Amino acid sequence: MKKIIKIFPIILVLSIIIFCGDTYATKLSTLDAQLSSTTIRPGEEVTVTIQFGEALSSYSINVAYDKNIFEYVSTDGGTATDIGNKLKVEFQDTTNSKSNMFIKFKAKEEVTSTNPTEFLITADGLKSAETFVNYDDVKMPIVKSLVVEPEYVDYIIKLEYIGDVMKNEEKEVKISYSSPSGRYYESARLIAIVSGPEGGSMKLLAMDQEGTEYDIIKDGWGDMQGFPMGGKDYAQVLQTEAIFNVPGIYTLSLKLIDIENSDSIIAQKDFQFTVEETDVVEPMITNLSENEVVGAVEIPTENVQKQQSENTQSAEQLPKALPKTGTNIYIVIGIVFIALIGGYVYYNKEK
């Protein structure tokens, strides 16, 4: 009897603890998290869903995320508070327990490159709604990875020049490569390959901001380690000089390559040049004698026409018949004849 009396207080205390207080477990093993998508575009939303595995009357969920990539949108799981590098969502309601909750985030519109990132989820203050069990805090983060990636547009390479291309004459050539939403590359380069007639060669010269000149065909463009390229409304323009040593048809292949990925081709475009012989001024052929020297002077057609017109006008101004000048021989003979007759008459009268 005494033993029963001694045990009774112990049983009573245990009963009070079981029925009136909280109990503790080592871990809520059913806690899990899922993402609505593992790849999203800038401006799109992703939902983080937390599954408890049983109804909870109290919890505090902490989600760490990159604020340069995401912004918080909403939750159905309680009161959200921004606490610096993470979002804290707290819930406590003994009459309306929850077995799951979600949090929505939106990828920022200004994200212009591929961003692998993560949500790190921890929890504390976990309490069962039915058994009033307080679970241990989840200090080891549940990691959920995803990628925010823009919808990339391929790079376009263009080449422009004006007029004919002549042998051994510098030709201004504008080269551009651009994309309204280009994938980002840390080490890109522009290279060129040319093919042409037998014995033909081409130089494609460009100068950087430091005054260093590059032959793109021989050396490629820019530093050997490459240059960063990509982003929204990305565009680069190169002013170059092209020189060809012989006439003929040349094909120039321009390539953007990714050095970090075994020189894989980012974009490529072929362009054709038809190179003509340098103009030579031919001497004029005239009907001069062998001893006369002919100068190779080209007279503009309009000047010739003008001179012909002036000559025509001068010809029209000339008299059509020459005026009579001097003494008429018939008048002289008549005067002599009259004088002889007069002399003869006068002579006979004197006799």
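Basis of the calculations
Residues numbered from 1 in each chain as written. Predicted model: local features only at pLDDT ≥ 70, side-chain atom pairs only at ≥ 80, totals over all residues. Heavy atoms only, no water. Helix = DSSP H or I, 4+ residues; strand = E, 2+ residues; numbered from the N terminus. Contact = heavy atoms within 4.5 Å. Areas by Shrake-Rupley, 256 points an atom, 1.4 Å probe, with all protein chains shown as cover. 1 Å grid on protein atoms, 1.4 Å probe; cavity = no way out; pocket = protein on both sides within 12 Å on 5 of 7 lines; lining within 4 Å. Points joined across faces, edges and corners; volume = space filled by probe spheres on them. Buried < 20%, exposed > 50% of the residue type's maximum accessible area, 1.4 Å probe, protein only. Polar contact = N/O pair within 3.5 Å; in protein donor to acceptor, adjacent residues only side chain to side chain. Phe/Tyr/Trp six-rings, centres within 6.5 Å; stacked < 30°, edge-to-face > 60°. Patch = residues over 30% accessible without salt bridge, like charges linked within 9 Å, V, L, I, M, F, W, Y side chains within 5 Å. Salt bridge = Lys/Arg side-chain N within 4 Å of Asp/Glu carboxyl O. Lys, Arg positive; Asp, Glu negative; His and termini not counted. Charge placed at Lys NZ, Arg CZ, Asp CG, Glu CD. Pairing = 2+ DSSP bridges.

S.K.: Explanation requested: the overall build of the protein in the structure shown.
M.R.: Assigned secondary structure in the protein consists of four helices and 19 strands. Across the protein, the fraction of contacts at a sequence separation of at least 24, relative to all contacts at a separation of at least 6, is 73%. Here the protein has roughly 23600 Å² of accessible surface; of this, 53% comes from carbon and sulfur atoms.

S.K.: Just to check I follow, could you spell out the layout of surface pockets for this structure?
M.R.: Over the atoms, a rolling probe the size of a water molecule traces out where space has been left empty. Considering only enclosed or pocket space, the largest pocket measures out at about 300 Å³ in volume. Every residue lining the largest pocket is counted, 15 residues in all, and those nearest its centre are Asp208, Gln209, Trp221, Phe227 and Gln236. The biggest single contributor to the lining of the largest pocket is strand E17 (residues 227-244), with six residues.

S.K.: Looking at this structure, how should I read unusual backbone geometry?
M.R.: Both trends apply: most residues other than glycine have a negative phi, and most peptide bonds are in trans. Positive phi, close to 55°, is recorded for Asp233, a residue that is not glycine. Within the element layout of this structure, Asp233 appears in strand E17.

S.K.: Mind showing me how you'd approach the side chain of Ser253 here?
M.R.: If you trace the backbone, Ser253 turns up in strand E18 (residues 248-258). On the basis of relative accessible area, Ser253 is assigned to the buried category, the value being 9%. Within the structure, the side chain of Ser253 is placed 2.8 Å from the side chain of Asp270, a separation counted as a polar contact. Leaving out residues up to four positions away in the same chain, Ser253 has contacts with Ile191, Ala192, Ile193, Gln268, Lys269 and Asp270.

S.K.: I keep staring at the packing of aromatic side chains and nothing clicks. Help me out?
M.R.: Each aromatic ring pair is described using two quantities: the centre-to-centre distance and the angle formed by the ring planes. Applying the stated criterion across every chain, the model contains 14 aromatic pairs. A centroid spacing of 4.7 Å and a plane angle of 55° characterise the contact between Phe244 and Tyr250, whose relative ring orientation is tilted. Judged by centre distance (5.2 Å) and plane angle (50°), the rings of Phe244 and Phe273 are tilted. On the criterion of sequence distance, the pair formed by Phe244 in strand E17 and Phe273 in strand E19 (residues 264-276) is long-range, its members being 29 residues apart.

S.K.: What am I meant to see in the environment of Asp76 here?
M.R.: Assignment of secondary structure puts Asp76 in the loop between strand E5 (70-75) and strand E6 (79-82). Judged by relative accessible area, which is 31%, Asp76 ranks as partly exposed. Sequence-wise, Asp76 and Lys104 are 28 residues apart; in three dimensions their C-alpha atoms are separated by 9.2 Å. Those residues in contact with Asp76 that sit more than four places away from it in its chain are Lys98, Met101 and Phe102. In this structure the side chain of Asp76 is engaged in a polar contact, spanning 2.9 Å, whose partner is the backbone nitrogen of Phe102.

S.K.: Mind showing me how you'd approach the environment of Ser187 here?
M.R.: You can see Ser187 is positioned in strand E14 (residues 171-195). Residue class for Ser187 comes out buried when judged on its relative accessible area of 11%. Through-space distance from the C-alpha of Ser187 to that of Asp223 is 9.5 Å; in sequence the pair is 36 residues apart. In this structure, Ser187 is in contact with Gln225, Gly226, Phe227, Ile257, Asp258, Ile259 and Glu260, ignoring residues within four places of it in sequence. In terms of polar contacts, Ser187 uses its side chain to reach the backbone carbonyl oxygen of Gln225, at 3.3 Å.

S.K.: Got a minute to help me understand a negative patch on the surface in this structure?
M.R.: Residues Asp164, Glu169, Glu276 and Asp279 make up a contiguous surface patch of negative charge. For Asp164, the position within the fold is in the loop between strand E12 (156-160) and strand E13 (165-166).

S.K.: Would you mind showing me how to read the pairing of E6 here?
M.R.: It is a general feature of regular strands that their side chains alternate between the two faces of the sheet. Of the strand pairs in this sheet, E6 and strand E7 (residues 86-92) are connected by four bridges, and their pairing is antiparallel. What sits directly across from Thr79, in E7, is Glu90. What sits between E6 and E7 in their antiparallel hairpin is a turn of three residues, with Gly84 showing a positive phi close to 95°.

S.K.: Any chance you could explain the pairing of E7 here in plain terms?
M.R.: In terms of strand pairing, strand E4 (residues 45-64) meets E7 through seven bridges, oriented antiparallel. Within E7, the position partnered with Ala64 by the bridge is Lys86.

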